[in-house]
Structures are given as C-alpha cells and as structure tokens.
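Examination of the molecular architecture
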Amino acid sequence: MNDLAKAKTYKSEVKPIWCPGCGDFAVLSALTKAFAYLDLDKKDLAVISGIGCSSRLPAYLSSYGFHGIHGRALPVAAGLKLARPELTVIASGGDGDGFSIGGNHFLHACRRNLDLTYIVMDNEVYGMTKGQASPTTKPDWVDSPLTPHGTGVRPFQPAAIALAAGASFIARGFSGDPNGMTKLIIDAIQHPGFAFIQVLSPCPTYRPEQKLWKNQVSSFPHAPTDNPLEAATRLYADDGMSSGLIFQSQYPAWQQTSAVTASIHQFEEEFIV
Amino acid sequence: MSILSCTQSLAVTGSGGSGAITVGNMLLQIAASSGLYGIMRRSVGPQIRGGESAALLRLSAQPVSGPDDRFDLLLAFDWLNADRFALEIPLDSASLIISDSAHSEIPDVILQSGARVIQIPLQQMAADISGGRVNMIGLGLLCALLELPSELSRTVIRSTLASKGEAAIEAALQSFDAGARYETSFQLPCPALQGGTTAARWNISGNEACALGALQGGVRFVAAYPITPATDLLEWLAPRIEKIGGSLLQAEDELASINMVIGASFGGVCSMTATSGPGLSLMAEGIGLAIASEIPLVVVNVTRGGPSTGIPTKSEQSDLNIALYGQHGDAPHLVLAPQNISDCIQTTRWAVQLAEILQTPAIVLSDQFLGQSRFVIPAPEPVVDSDSIARLRQIQHSASATPYQRYLINDSAISPMALPGTAGCSYTADGLEHTCTGKPSSIATDHHDQLDKRQHKLTRYAFGTQWAEVQGSGPIAILCWGSSSMAVLEAAERLQQSGQPVKVIAIRLLAPAQTAALERELQDVSQLLVVEQSHSQQFYRYLRAHYALPAQVQVYAKPGPLAITPGQICQALQALSGESI
C-alpha cells in the first residue's frame, strides 16, 4: 500500500461538516499521513476533542475517539492516557475551545507534561456559533455584532503562554503547508511529553481575509531551541505568522507509578480496634 | 440491652488548635479499646487556626447510630466563639459543664441551659507540668469520670503521639495522670458504661468507608480537587490506591476532575471522583456528558451546607435536588445514599458496580456528618475477592457489525462497550446525540431511540431489595433517606419501647425512582412522616413527584447544621398521629 492509500485507512466514512476551503481539512489529512508514516495501529490510537468546528475531527477518523464538551478535551485525554499509558492519545480542537473556555486546562496540561499531543486549529474566530471573536482575535476586528467595537483586548499568545506554563514541545504549523504540518505532527507524537502544535487554519467563511495567510506565513527563522529564555525572546520578536518547531526540551514526562504492593484487605485491617 | 439504656454524650470544645478534636479522637479510641461503641462528630469553624472546634461524642456498650437529643457533659477548654456551636450542644439541668477556672466567664447562651458548672484549674495544672497540655488533663478527667481503664488510655496516648517524640509523650502522660487523679465531687448521671464487648469492631469515618467501598467495587482511577468536607476521603485514598495498582491525580479544578474520570473510564479503568456541593455544581456538565456518551463513573458528594459556599464544615442533606436534577436535557442516571457508616462501604461499592453495569454515572450522596464523623462499629462482613468484581462492564472484544455499534439498541438497552486497543471496534464516543454507531445525528428518530435506550437501561434493570431498608410494619410509617435514617431508626426503637410501633422505610436508591417497590411498602400505611435535613423539603417534593403517598403526610424538614435527633422525630410523629407517644 502506498503512503497515501495507507493514510486514507485512518479516515472514517463520516463526511466532515466543514465549509469548503476550511483549513481543518488539511489538518485531518496531515494527521492521517503522520499516522501512516509512524505506522500506528489505529486500535491503539485515540483522538479526543471538545466543541467547535475543529473539534468534530475525531468522528472523521477510524481510530478510537471522544467528542466531549466545550473546553475539556485535555482533561479527557489526560484521564485516558493515565488509565492507558500504552495508547497514543491526541487532543485536538480550536482556539476558543483550548484558550478560552479550556484555558486553565491548557496551562496545567503544559506543566503536567503528560505524554500527549495537543493540536489547536487556530482561526481566530468562533465558527460554530457563526463568527464571534476568540482569544486570538486581533483587538480591532469589528465583524462580529457581539463585539461591535472589536474586543479591545490583546490577543492570547498560545506559544509564549505554553512556554511560560512549562510545555516541553512547542510548534506552530500552517494548514497551507501540509508537508511541514505532517512533519510537526510526527515529531509531536514522538516527543515523550506534552507536545503542543498551534496550527494556523483559516476560516474562509467568517474570516475570508485569512485566505491571504498563504502569502503571509513564513518559516520560523530559527532552529528549535531547548533554552526557554531564547525561545521566549524569539517568540516576543515574532509576529505569530511563522511556522516551525520553536522549542523542544526533554523534561521528564509525568507518569504515575503504581505497582501492586498491598491488598484492600490490608487497608481494612487498619480500622480494626 | 438496648442502646437506649445507657449512652454517654460528651462534648469537648475549644478554640481551634486547643486540641479538642485530638481529645475526642483519643477518647473514642480508648472507649473502643475498652470494648465500647461510639461516634465522634466534628463541628469546626471555617478558620484553620483560632476558630471554634467541637468534638461531639456519644459512647455506649451497644452500637450507636447518631447523636442523642442532649449532652450529659460539656468540657470546655475556653469559651471563645462558644456562641457559634452552642445550638449544636443542647444541655439541660441534668448536664454538667466542666470549665477551666482560667476562663471563668461562661457565656449566657451556655449558662441558660441550667446545667451544673464545675470549675477546674486546667491551665494552672498544665503549668505545673513540664510541657503540660490542658487537653491531655481534660482527657484524664474524662477517662476517670467514665471509669475507662487507664492502661488502655496510656497505650492510646503513646500510639497517637508516637511521631511527637518521647518528651511530648511523657508530658502528655503526666498531664493525663494529673487530670485522672483530680479529686472530683461529682459524677456523671449514668457513670460507667457497663457491658463492654470483645466483638470485632472498626474505628472508621464515613469518608474512609466510602473510599474503601469504592476500592472494593473496583475503582482504580481517581481525579479530584480538594474541597471540604471531601478532602479527607481523597487523602485516605491517595497513598492506598497506588499500592493496589491504581492512581489518584489532583486535578486543576472540578471540571478537569470529572472529565479526567470520563477519559479514564472510557479507557476501561473503573473511575471515580469525590467532591462537595460547589464541586458538584461544576461537574454538572461533565456528568451530563457521561450520561450521553454512556460512560460509567462514580461521584461521591459529601454534602455540606449550601447554597454557594454555604457552610463548608457542617452537614446538610440539601444536595438532593442537584444530584437528581442537575443536568440539562433528559438525563437519567443513578443517585444513591448511604444510611450509616458501614453502609457507606456497601452503598459506594454498589454504586460502582451499578455504574459499571449500566454504563452511566452514579452519584453517591454522603454528607459532612457521615463523612467526617468517626464511628466505632461492628466489623463489617469481609468482602470476597474485590478484584474479581471489577469487570462488570459489558465489553465486546470483537465487532459483530461494521461499523461497530457502540450504542446498539437491544433488549437490556445496555450496549457493548469496546475498550480502546480492541481491533475492529473503534468508535467515537459523543456528547452530541448520535446514531447507534456513535455518528452525530440530529434526526428525531435517533434522538428518541437513544433517549429511550438511556432511560430503559435503568428502568429495565432489576435492582433487587437493596433499593431501601425497610423495618417494622403497621399503619404509621417514617420515610427517610441518607444520614437522617440513623436518627429515624433510633426514634423507631424508642417508640417501639413505648408501645408505638412504626414502620421505617429508608431509601438507598433515589434514582431511578423505585415507584412500584415503594408503593407496595406504603400499601397499608395511612399516616406518613417524611424526615429530611433540608430547608425546602427537597425529599418530600421528590416523593410527591414519583410516588403516590398516603393521604395523611407530615414533613419534618430541618436544614443543617443542627443534627436531626431521635427525640425530634418522636415529637413530629406525635404531632402526626395526634396522640401521646
């Protein structure tokens, strides 16, 4: 089987609800190519999401999946990984799901450093609720009636925040660069710890101006570093429109060690008067 | 001998840090070692240090359920903030108050009970001992009054203070001796508790009991966030669950806790969380997800005074509504409530088993009274091999249809639930309404089919006789649930002794409602008293919604934090039946 045919086996029969031109199609495709490249057995693969356009992704895959509630993909993924460490667990979703309603889980997933991959398809808008500002929306975007004067709030900086929160793998991808994205996903899955990829994934419906991203996105102009200070300096100098692996460090992945060394009966004996 | 014949109710109070709770714990352990039964409730203020704290004990030669109507003795190390707990320690002219003469200004709210006051120079006595402790002098006094063997007391002091070093132990023992030797001219109304037993007994709290029941049921993953009064349940579990191959994770909040539990259970590991009111509110959406996606899990809710932050350190039965109705949409699930300490073990174990079998969340409604009280109880029957009962979930190891029908509709309405790692059975669990394969669907028939299925798996299941504890018979009945069942049973015993038998129905399985079973029990009942610890009569309204009740119904609903006592229930029943009992 050639790589493309093999990648296709990771797709389900369910037809995506995404609009034509949505960047998320390319993410789905890159994911399946990464799975094919890594030759992952789909029975040992689980993709977990919350709510939003991009969170529909698990249903489009033939692996195990969980489409949960808004903002809670990371805790579901964490619980599954802790219960079944041998599985490859991937969490995915959008910028609203991950950085707004699920923001607290994002911070703590970064610092907990479980061996998970988290892919956020960032289009700077809430698509499923028809076009409201998200945490990554620029402050002067006035196209939503919910924020008629723009949000007036500085955008959330996903990569810098992940760095500050202690993530051990931080990358930015672009749906217009499927090969680069596939490579990042492969590296992320292979990274032994919490791997975060922010994917710039345009919304042609509510943010048609993002069609121009293909002319604006550049390569991140540095080789990856394991020095957080260096990564921070680079991220603060960056316009948020470059793609590549930014930071990777070998912090030990957090795991719980449990071995059977006692029986419940022994606990009961503690109560005997 | 009945529990009514001789019990001692003692309160030990002091500002936080005075050691009142330590005295209570030690006294309970000493009494237990000498063959007695007993309980020790805790009533503490919200402060970590410097607030009020009270250890409320009741000791007897027979198993004790809940608190009595009154206290025989109050030992107060000081009177700071005494007004905050005065109502929780009912005294009368037959009661004794032992006060430190260094704190002679006894508040009116205490004095107006008419109890006899004895001043003892506790602080002065402690000052005469190097490293002397007022609370250990108090313990000596109490043990002497109760005629508890001093060698047992010394053993308990030694083992409790083992980590504090020999000097501290020696000072504590000297203090204890000083208290025990103190020449007293008074006696307790019912002095020595005769008839101690050598039967096997446990000294256990409700929180520990729920945790133990969860482990026995097969729980091997816990994610939770600290919250009073559930934290000590988790603190008991954490070091133990990892020794039997499980794990406990302190999550960033309750939203994470419930969703981590969902993820772990999706992975096939029997999972639970524990929380209290505010945490249960935060978990409401996650519990709804588990209902829709049919994920087994258990939430132990140790109820405290509500709403909002309410009274975190004190008990109430006011989370019944949110446990029953906390989800949006039509969301059938399990709600169970333990009725006493050993039932905390059994009911939590049963909840885990039911959740696993029925693939839905089970909420266990404990409360602060059950959870944070220590009880000396008859040792429960041992459970046969706990590990063998952990696999109740219907798991399919191979697909019979493609794509795999995770939400297959069948006679039991319980679908096969493949675990990740099983070839040919992959599916996406979904909180969106779905088809029988899990594919999202907004089609009316899919919605109706899945709603029916999620309802039917609960209504078609035979829960057996465990849905309630039923005792006695006759035309007068008391209907109760959860921790107030203990006071109800004692009230029934008192009424029985005075020639007024009543039937008691204590409901353990609150949801799904066991309508036919309860109505059968109510068939010959013409007068019904409903007892609950809530302000808005949550239990009564639930009963009215689900069951046909007798024509004559009286409700005794009292909010926390005051305990419901047997005497109050006897009075309420008297009002119902209109005759002297």
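Residues numbered from 1 in each chain as written. Chains lettered and ligands numbered in written order. Predicted model: local features only at pLDDT ≥ 70, side-chain atom pairs only at ≥ 80, totals over all residues. Heavy atoms only, no water.

**Focus on helix H1 (residues 20–33) of chain B**
Residues and elements named next belong to chain B. Applied cut-off: Helix and strand definitions here come from DSSP, where helices need a minimum of 4 consecutive H or I residues and strands a minimum of 2 consecutive E residues; each element is numbered from the N-terminal end. Multiplying 1.5 Å by the helix residue count minus one yields the expected span of that helix. Each residue's exposure class comes from its accessible area (1.4 Å probe, protein chains only) as a fraction of the maximum for that residue type: buried when under 20%, exposed when over 50%, partly exposed otherwise.
Counted at 1.5 Å a residue, the expected span for H1 with its 14 residues is 20 Å, and the 20 Å between its end C-alpha atoms agrees. Among the 14 residues that make up H1, ten are buried, leaving the element largely enclosed by the rest of the structure. Taken as a whole, H1 has its buried residues at Ala-20, Ile-21, Val-23, Gly-24, Met-26, Leu-27, Leu-28, Ile-30, Ala-31 and Ala-32. Positive phi appears at Gly-35, one or two residues downstream of H1, with a value of about 100°.

**So, the packing of aromatic side chains**
Just so we agree on the cut-off: Stacked, edge-to-face and tilted are the three classes for Phe, Tyr and Trp ring pairs, Trp counted by its six-membered ring, which pair at centre distances within 6.5 Å; planes under 30 degrees apart are stacked, over 60 edge-to-face, the rest tilted. Two conditions define a charge located above a ring, namely a distance within 6 Å from the ring centre to NZ of Lys or CZ of Arg, and an angle within 35 degrees of the ring normal.
A full pass over the atoms with the stated rule returns 26 aromatic pairs over all chains. Of the aromatic side chains, those joined through ring pairs into one cluster are Tyr64(A), Phe66(A), Phe266(B), Tyr404(B), Tyr407(B) and Tyr427(B). Above the face of the Tyr37(B) ring, Arg201(B) is positioned so that its terminal group lies 5.7 Å from the ring centre.

**Points about the domain arrangement of chain B**
Residues and elements named next belong to chain B. Keep this limit in mind: Each domain's limits were defined by an automated method or a database of domain assignments. The contact criterion used throughout is that any non-hydrogen atoms of two residues lie within 4.5 Å. Accessible-area loss on putting two parts together, using a 1.4 Å probe and summing over both, is the definition of buried area adopted here. A side-chain nitrogen of Lys or Arg and a carboxyl oxygen of Asp or Glu constitute a salt bridge if their distance falls within 4 Å. Gly falls in the polar group here, along with every residue not listed as nonpolar (Ala, Val, Leu, Ile, Met, Phe, Trp, Tyr, Cys, Pro) or charged (Asp, Glu, Lys, Arg).
Segmenting chain B into domains produces domain 1 (7–200), domain 2 (203–377), domain 3 (394–461) and domain 4 (466–577). Once you take the C-alpha centre of each, domain 1 and domain 2 turn out to be 33 Å apart. Tallying the contact residues gives 22 residues for domain 1 and eleven residues for domain 2. Of the roughly 1,200 Å² buried between domain 1 and domain 2, counting both surfaces, carbon and sulfur atoms make up 52%. For domain 1, the biggest contributors to the area lost against domain 2 are Leu-28, Arg-42 and Val-44; these three give 31% of the whole. At the boundary of domain 1 with domain 2, the tally comes to one salt bridge. Here Lys-314 and Glu-88 are joined by a salt bridge, their closest N and O atoms 2.6 Å apart. When contributions to the side of domain 1 that touches domain 2 are tallied by element, the ones reaching two or more residues are H1 and strand E2 (37–44). In terms of residue count, the dominant contributor to the side of domain 1 that touches domain 2 is E2 (eight residues). Of the residues that constitute the side of domain 1 that touches domain 2, the class distribution is eleven nonpolar, seven polar and four charged.

**Considering the interface of chain B and chain A**
Taken together, the contacts link 59 residues of chain B with 45 residues of chain A. Interface of chain B and chain A: buried area, both sides summed, is about 4,300 Å²; carbon and sulfur atoms make up 65% of it. Taken together, chain B and chain A are joined by two salt bridges. The salt bridge partner of Arg240(B) is Glu270(A), with a shortest N-O separation of 2.6 Å. Residue assignment for the side of chain B that touches chain A shows that the elements contributing at least two residues are H1, strand E7 (201–205), helix H8 (206–217), helix H9 (231–241), strand E9 (247–250), helix H10 (254–266), helix H11 (277–293) and strand E15 (428–430) of chain B.

**As for H11(B)**
Threshold: The angle between axes fitted to the seven-residue stretch ending at a residue and the seven-residue stretch beginning at it gives the bend at that residue.
Taking 1.5 Å as the rise per residue, H11(B) with 17 residues should run 24 Å; its terminal C-alpha atoms sit 24 Å apart, in good agreement. Of all the bends found along H11(B), the most pronounced is centred on Met283(B) and spans about 50°.

**Some words on the packing of helix H6 (residues 150–160) of chain B against helix H7 (residues 166–181) of chain B**
Residues and elements named next belong to chain B. Selection criterion: Angular values range over 0 to 180 degrees, each being the angle between N-to-C directions of two axes fitted as lines to C-alpha atoms, with helices fitted over their stretch in contact. With respect to orientation, any angle under 35 degrees is reported as roughly parallel, any angle over 145 as roughly antiparallel, any angle of 65 to 115 as roughly perpendicular, and every other angle as oblique. Put simply, a crossing is left-handed when the front helix is turned counterclockwise from the back one by less than a right angle, and right-handed when it is turned clockwise.
At a minimum axis separation of 10 Å, H6 and H7 run at an interaxial angle of 150°. Viewed along their axes, H6 and H7 adopt a mutual orientation that is roughly antiparallel. Between H6 and H7 lies a crossing whose hand is right-handed. Counting all contacts with H6, which are made through Ser-150, Ser-153, Arg-154, Ile-157 and Arg-158, the residues of H7 involved are Glu-166, Ile-169, Glu-170, Ala-172, Leu-173, Phe-176 and Asp-177.

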